[in-house]
Protein chains: 2
Amino acid sequence: MQQRVIKPAAGIVLAQQRQHHKPARLESFKKLSNVDIEHFKKIVPAETVLATAAVGGKADPIELEGFNADWLDKYRGNSQLVLRPKTTKEVSAILKYCSEQRIAVVPQGGNTGLVGGSVPVHDEVVLSLRNMNRVRSYDEVSGVLVCDAGCVLEELDNYVAERGHIMPLDLGAKGSCHIGGNVATNAGGIRFLRYGSLHGSVLGLEVVLPDGTVLDNLSTLRKDNTGYDLKQLFIGSEGTLGVITGVSVLTPRRPSAVNVAVLGVPSYENVQQAFKHARQRCGEILSAYEFWDSSCMRAVLHHQSLKSPLEAEYPFYVLVETSGSEKAHDDEKLSALLEELLEQGIVEDGALAQDDTQISRMWMMREGIPESLGKTGATYKYDVSIPIPVLYDVVKDIAKKLEKADLYKPDQSSGPVKMVCGYGHIGDSNLHLNVVADKFEDRVTNIFEPYVYEWVASHRGSISAEHGVGLMKRDYLGYSKSPEMISYMKRIKDVFDPHHILNPYKVV
Amino acid sequence: MQQRVIKPAAGIVLAQQRQHHKPARLESFKKLSNVDIEHFKKIVPAETVLATAAVGGKADPIELEGFNADWLDKYRGNSQLVLRPKTTKEVSAILKYCSEQRIAVVPQGGNTGLVGGSVPVHDEVVLSLRNMNRVRSYDEVSGVLVCDAGCVLEELDNYVAERGHIMPLDLGAKGSCHIGGNVATNAGGIRFLRYGSLHGSVLGLEVVLPDGTVLDNLSTLRKDNTGYDLKQLFIGSEGTLGVITGVSVLTPRRPSAVNVAVLGVPSYENVQQAFKHARQRCGEILSAYEFWDSSCMRAVLHHQSLKSPLEAEYPFYVLVETSGSEKAHDDEKLSALLEELLEQGIVEDGALAQDDTQISRMWMMREGIPESLGKTGATYKYDVSIPIPVLYDVVKDIAKKLEKADLYKPDQSSGPVKMVCGYGHIGDSNLHLNVVADKFEDRVTNIFEPYVYEWVASHRGSISAEHGVGLMKRDYLGYSKSPEMISYMKRIKDVFDPHHILNPYKVV
């Protein structure tokens, strides 16, 4: 899951944050001049062009700040030009010119990514999709939504909610992230367990290729077996193959009954046991199965104005959500599950939300983890997929290594490392491993990087479950993909973006 | 849905069936000789090589019959060599040699396709995957199955059923089709409504490229965002980009309660109305919503030893299936739906299956349609996606055109055309339009081809919802995909199969 988008509190010293290795600027890319700006002003409305004096414009560099830095301010580029086109035709004209002139471009949605994929590395032009935010059509019988790429996820969810449907994905950043960015990064999130991957629910895309070609594949059909399914390549390509301008997505019917429970669990083994029971008892209505450890819980209770729904403290917590069409039936199923889990000693305590306020507070507990860890200190974040049985082992392993290196004392929060903790989506084998330290420093990083990637690779896991590769993990791709796979990815890149102007320095 | 695989009854004159236009043999492909056969015998066990005297072998051409012709005997090639490797390594060695020698190859699974995609057009080597049929691993916690491509779908479903799970797809040909072929053709079928597309449920593939490279991407992870999702390209590529040798697929928990009802519906408008109600009332347990018209029903009742569960005849029939985890709850939901539909006059009659035998007889009614039409006469089959509101219009339109041309009299079954009928998966906007005639002849075909493709294209439908393109629809691809899309498909083909040796003359 991506984090709720909040600007860091004033007290956090951003300069402390770790700067990732920055590849050198490719000299083959043209440096922008006044001539280019004048050309752009001819193809898009002048008010959508944001250029600094460095390239002959008048914008204050501070206006470009939000486009140059990611929301964690971990990655920072130096673009002097932001373009915010309003139509697909404008996007096409921009890219065609950039392609001819060898001008590097970074497409940007809500800029809520976590791997430096959506901000420039050097002076790339920022192509922001935020002005493309119309719903193009909605079919109430099939539930198919067709919209511009720059629509904000939460606004779309509200739009379809009024029509009795639900977006097939949800994540903490929903208030800022764009559907186009969600698709470009193959976002996962908390509805994944129930509604599956965007590779299944995206029915069509409109994509502008670097040479200006518009690939119009905005199908609204659930089934279409006519040739290679090219749109799949753009899902998760992080803006390196083409710019997504339109999305057609299947929205399921909105469940009329939602139930949530929080469980106190004595061991990770029991977290797994309880998951098996939940799938058996709740079957088709199980819509989320999230877990977090006691360290996460302490951070949340310290930093959020929330009270634990359980009296005692437990090594692990689980949030179970069901979503169905008949409240009485769902209540019965979830109550039977809780009873069974308590009876068999698989969980030690459990609380069932009694109303929407309680449901939302339970979710805030889970969704407040990233923010709470951020307030605790400098947070190293790893988003990995690991087979469920060994998923939590990596947290224990990293903690031990840090302890051995005298950087971490589990019982105190005084060392350079304050916390080593884990949370995530058990149902999807997806762990968020976080290490919270006083500050970002090499002696800490060196302990678990690349060790954590090696660990994941040795268990045939993925070094990026849902956050993507971006700039952050480009050098580590080999831990999850074979040289042959990477070689073919590069050939695909050559097919769609022969001059490599799109989102350079990233992914492959 | 693909059809149940049955050999045509002896009485059917196969020669009558329409021969599709056959492209000329490409002379760039090498003609096989004894030297090649000797080479193949060195890289695969001799008993897995089936070669006729024409290429220096000893096999009777009749032994190759089942590999050269599709099950409807509509498409027929003239291969003199069938290879049936047992390992991925053997597949790799075969393809490497074929690539070097420019020998054309057609990969073949269960050979149950309907568009001529799985049989040779001329003398291509048939690469049959039937000897690769082992389950490689199964994880009972996650439900992830990893197996060879040549495993038969029904056998896999039985395998996972014993472990409490279900294959995410089901189709009439399940007793013969291979999972590798299902993936290569992106098969849909009757569980699509509930479990979605293979693009969502296939987690990983092992694919051998024409040059012998093995792309090992047999991931068992639900989430993996590390670079472009190459496996997606092979799903639905119909064996033209690589040969799928291994499949990793997510199997959902098998529902413990299954209910089926058949409804008698007065109009197509009401078929749609009833669908809306079914989705509202049954929500997450709705697992199938199939429809067929009265012509189909008459053919089934005439040719199958089945009795209609409804007393009167209706213009349309609907089969509703629910699958859930709690029988009492599901019964309640389905009964409430039926009551509502009858009360509001949306359906005129309905029968609820009382036991497994009745469930299976109701399904036989729906699944027996293709076979019954085949027994009625020469059947022209179109498998199209069309927006639900106008889906049945194409059936009426084609009937009118044939009537106007004096080829069809709706009240008699005597004309050259005996029936124009429709059935399919409403929930997926997927219609099977069938025209049954005395024989295949141009004066009939010319009435609705390419008219039916134009009709579908003008409604932004797909000319192939699930059957694929193969040889049959290659020339019609432009009705569903833009020239730009087709051009990029060809570039993708060039990347993976630069010498175009894989499944030539098909798809793009």
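Residues numbered from 1 in each chain as written. Chains lettered and ligands numbered in written order. Predicted model: local features only at pLDDT ≥ 70, side-chain atom pairs only at ≥ 80, totals over all residues. Heavy atoms only, no water.

Things to note about the overall build of chain A
Thinking step 1. Check the secondary structure of chain A and you find 17 helices and 16 strands.
Thinking step 2. In terms of overall dimensions, chain A is globule-like: its C-alpha atoms have a radius of gyration of 23 Å, near the 23 Å expected for 508 residues.
Thinking step 3. The principal-axis extent of the C-alpha atoms belonging to chain A is close to 75 × 60 × 45 Å.
Thinking step 4. Burial statistics for chain A: of 508 residues in total, 65% are counted as buried.
Thinking step 5. If you take every contact in chain A between residues at least 6 apart in sequence, the share linking residues at least 24 apart comes to 74%.
Thinking step 6. For chain A, the accessible area works out to roughly 18000 Å², and carbon and sulfur atoms hold 48% of it.
Thinking step 7. Both charge centroids of chain A, one from 56 positive and one from 64 negative side chains, sit 5 Å from each other. (Helix = DSSP H or I, 4+ residues; strand = E, 2+ residues; numbered from the N terminus. Rg over C-alpha atoms; globule rule 2.2 N^0.38 Å. Buried < 20%, exposed > 50% of the residue type's maximum accessible area, 1.4 Å probe, protein only. Contact = heavy atoms within 4.5 Å. Areas by Shrake-Rupley, 256 points an atom, 1.4 Å probe, with all protein chains shown as cover. Lys, Arg positive; Asp, Glu negative; His and termini not counted. Charge placed at Lys NZ, Arg CZ, Asp CG, Glu CD.)

Structural notes on the relation of the copies chain A and chain B
Relating the two copies of this chain is a rotation about some axis coupled with a shift parallel to it.
Thinking step 1. Rotating chain A by 180° and moving it 0.0 Å along the rotation axis overlays it on chain B with an RMSD of 0.0 Å. Such a combination of turn and shift is consistent with a two-fold rotation axis. The C-alpha atom lying nearest the rotation axis in chain A is that of A:Gly200; the distance is 2.2 Å.
Thinking step 2. Comparing interface residues between copies, 100% of those in chain A also sit at the interface in chain B, which points to an isologous, same-surface contact. (Least-squares fit on C-alpha atoms with pLDDT ≥ 70 in both.)

A short note on the side chain of B:Ser237
Thinking step 1. With respect to the secondary-structure elements, B:Ser237 resides in the loop between helix H8 (231–234) and strand S9 (243–250).
Thinking step 2. Given the relative accessible area of 1%, B:Ser237 is considered buried.

Looking at the sheet that holds strand S15 (residues 417–425) of chain A
Residue and element names in this part refer to chain A.
Thinking step 1. Pairing is antiparallel across the open sheet formed by 7 strands, whose spatial order is S13-S10-S12-S11-S15-S16-S14. Only two strands of the sheet have a single partner each, and these edge strands are strand S13 (349–352) and strand S14 (378–385). Direction aside, the axes of adjacent strands within the sheet are offset by 15° on average.
Thinking step 2. Docked against the sheet, helix H9 (residues 268–282) engages strand S10 (257–265), strand S11 (286–293) and strand S12 (316–324), running at close to 170° with respect to S11.
Thinking step 3. Helix-sheet contacts for helix H11 (residues 327–343) involve S10, S12 and S13, and the interaxial angle to S10 is about 10°. (Pairing = 2+ DSSP bridges. Axes fitted to C-alpha atoms, helices over the stretch in contact; angles between N-to-C directions.)

Section: the UniProt feature "domain: FAD-binding PCMH-type" (unreviewed entry) in chain A
Thinking step 1. In this structure's numbering, the residues bearing the UniProt feature "domain: FAD-binding PCMH-type" (unreviewed entry) are residues 75–254 of chain A.
Thinking step 2. Span residues 75–254 of chain A is 23% helix and 22% strand, its end C-alpha atoms 37 Å apart. (UniProt positions renumbered as here; feature names shortened; annotations may be inferred.)

A few points about the sheet that holds strand S2 (residues 81–83) of chain B
All names here are of chain B.
Thinking step 1. With mixed pairing, 4 strands are arranged side by side in an open sheet as S1-S2-S4-S3. In this open sheet, the two strands that pair with only one neighbour each are strand S1 (49–51) and strand S3 (105–108). Put simply, the sheet's adjacent strands are angled 20° from each other on average, direction ignored.
Thinking step 2. Relative to strand S4 (residues 125–128), S3 runs parallel, the two being bridged by 4 bridges. Of the residues in S4, the one forming a bridge with Val105 is Val125.

Considerations on the pattern of salt bridges
Thinking step 1. For the structure shown, the criterion picks out 62 salt bridges over all chains.
Thinking step 2. In this structure, A:Glu313 and A:Arg298 form a salt bridge, with 3.3 Å as the shortest nitrogen-oxygen distance. Highlighted residues: A:Glu313 in the loop between helix H10 (294–303) and S12 and A:Arg298 in helix H10, separated in sequence by 15 residues.
Thinking step 3. A relative accessible area of 49% places A:Glu313 in the partly exposed class.
Thinking step 4. Classification of A:Arg298 by relative accessible area gives partly exposed; the value is 47%.
Thinking step 5. Among the salt bridges present, the one from B:Asp331 reaches B:Lys327, with a minimum N-O distance of 2.9 Å. One end of the pair is B:Asp331 and the other is B:Lys327, both in helix H11 (residues 327–343) and 4 residues apart, which spans about a single turn. (Salt bridge = Lys/Arg side-chain N within 4 Å of Asp/Glu carboxyl O.)

Notes on the side chain of A:Lys333
Thinking step 1. The residue A:Lys333 is located in helix H11 in this model.
Thinking step 2. Not counting residues within four places of it along the chain, the set of residues in contact with A:Lys333 comprises A:Arg281, A:Cys282, A:Glu284, A:Ile285, B:Ser325, B:Glu326, B:His329 and B:Lys333.

Here we look at the interface of chain A and chain B
Reports often express the size of an interface as the amount of accessible area lost when the parts come together.
Thinking step 1. Counting from both sides, the interface comprises 84 residues of chain A and, opposite them, 84 residues of chain B.
Thinking step 2. Taken together, the two surfaces of chain A and chain B that pack against each other cover about 7200 Å², and 58% of this comes from carbon and sulfur.
Thinking step 3. Ranking the residues of chain A by area buried against chain B places A:Lys223, A:Asn225 and A:Tyr228 at the top, with a combined share of 15%.
Thinking step 4. Where chain A meets chain B, there are 10 salt bridges.
Thinking step 5. In this structure, A:Asp428 and B:Arg222 form a salt bridge, with 3.8 Å as the shortest nitrogen-oxygen distance.
Thinking step 6. For the side of chain A that touches chain B, the secondary-structure elements that each account for two or more residues are helix H6 (192–195), helix H7 (198–201), strand S8 (214–217), helix H8 (231–234), H9, H11 and helix H17 (483–496) of chain A. (Buried area = accessible area lost by both parts, 1.4 Å probe.)

Re the pairing of strand S16 (residues 430–437) of chain A
Residues and elements named next belong to chain A.
Thinking step 1. Taking burial as the measure, the 8 residues of S16 include 8 buried ones, the bulk of the element.
Thinking step 2. Both faces of S16 are covered, namely the face carrying Asn430, His432, Asn434 and Val436 and the face carrying Leu431, Leu433, Val435 and Ala437.
Thinking step 3. Judged from the 8 bridges that link them, S14 and S16 form a sheet pairing that is antiparallel. Counted as the bridge partner of Tyr380 is Val435 from S16.
Thinking step 4. For S15 and S16, the ladder comprises 8 bridges, and the chain directions are antiparallel. Residue pairing in the sheet places Gly424 in a bridge with Leu431 of S16.
Thinking step 5. Hairpin connection of S15 to S16: 4 residues between the antiparallel strands, including Ser429 at a positive phi of 60°.

So, the state of the cysteines
Thinking step 1. Enumeration over the complete set of coordinates arrives at 0 disulfides over all chains.
Thinking step 2. Looking at the unpaired B:Cys282, the closest cysteine sulfur is the one in A:Cys282, lying at 19 Å.
Thinking step 3. The exposure class assigned to B:Cys282 is buried, which follows from its relative accessible area of 0%. (Disulfide = S-S within 2.5 Å.)

Side note on the domain arrangement of chain A
Residues and elements named next belong to chain A.
Thinking step 1. When its domains are assigned, chain A resolves into domain 1 (135–250), domain 2 (257–369) and domain 3 (377–467).
Thinking step 2. Computed from C-alpha atoms alone, the centre-to-centre distance between domain 1 and domain 3 is 32 Å.
Thinking step 3. Listed per partner, the contact involves 7 residues of domain 1 and 4 residues of domain 3.
Thinking step 4. Contact with domain 3 buries surface across domain 1, with Gly189, Phe192 and Leu193 losing the most and accounting together for 56% of the total.
Thinking step 5. Our count for the domain 1 to domain 3 interface comes out at 0 salt bridges.
Thinking step 6. Summed over the shared surface of domain 1 and domain 3, the number is 1 residue pair in polar contact (both at pLDDT 80 or more). (Domains from an automatic or database assignment. Polar contact = N/O pair within 3.5 Å; in protein donor to acceptor, adjacent residues only side chain to side chain.)

Quick notes on the packing of H11(A) against H11(B)
Thinking step 1. It is the contact of H11(A) with H11(B), at a shortest axis distance of 11 Å, that shows an interaxial angle of 175°. As summarised for this structure, H11(A) and H11(B) are arranged roughly antiparallel, according to the angle between their axes. Facing A:His329, A:Glu332 and A:Lys333 of H11(A), the residues of H11(B) in contact are B:His329, B:Glu332 and B:Lys333.
Thinking step 2. Across the contact of H11(A) with H11(B), the residue classes break down as no nonpolar, 2 polar and 4 charged. (Parallel < 35°, antiparallel > 145°, perpendicular 65-115°, else oblique. Nonpolar A, V, L, I, M, F, W, Y, C, P; charged D, E, K, R; others polar.)

Describing helix H12 (residues 356–367) of chain A
Residues and elements named next belong to chain A.
Thinking step 1. Here H12 is 12 residues long and its end C-alpha atoms lie 16 Å apart, about the 16 Å a rise of 1.5 Å per residue gives.
Thinking step 2. Taken residue by residue, H12 has Ile359, Met362, Trp363, Met365, Arg366 and Glu367 as its buried positions.
Thinking step 3. For H12, the capping residue at the N-terminal end is Asp355, with a side-chain oxygen 3.1 Å from the backbone nitrogen of Thr357. (Expected span 1.5 Å × (residues − 1).)

Structural notes on the confidence of the model for chain A
Thinking step 1. Per-residue confidence for chain A gives a mean pLDDT of 93, with 96% of residues at or over 70.
Thinking step 2. Note on residues 1–19 of chain A: pLDDT under 50 across the span, and 55 contacts to partners over four residues away in sequence or across chains. (pLDDT = per-residue confidence, 0-100.)

Examining the packing of aromatic side chains
All names here are of chain A.
Thinking step 1. Scanning all chains against the criterion turns up 42 aromatic pairs over all chains.
Thinking step 2. Members of the aromatic cluster, each reached through a chain of ring pairs, are Tyr380, Tyr382, Phe440, Phe448, Tyr453, Tyr476 and Tyr479.
Thinking step 3. Directly above the ring of Tyr159 sits Arg163, whose terminal nitrogen or CZ lies 3.7 Å from the centroid.
Thinking step 4. The residue whose ring lies beneath Arg491 is Tyr488, and the NZ or CZ to ring-centre distance is 4.2 Å. (Phe/Tyr/Trp six-rings, centres within 6.5 Å; stacked < 30°, edge-to-face > 60°. Lys NZ or Arg CZ within 6 Å of the ring centre and 35° of its normal.)

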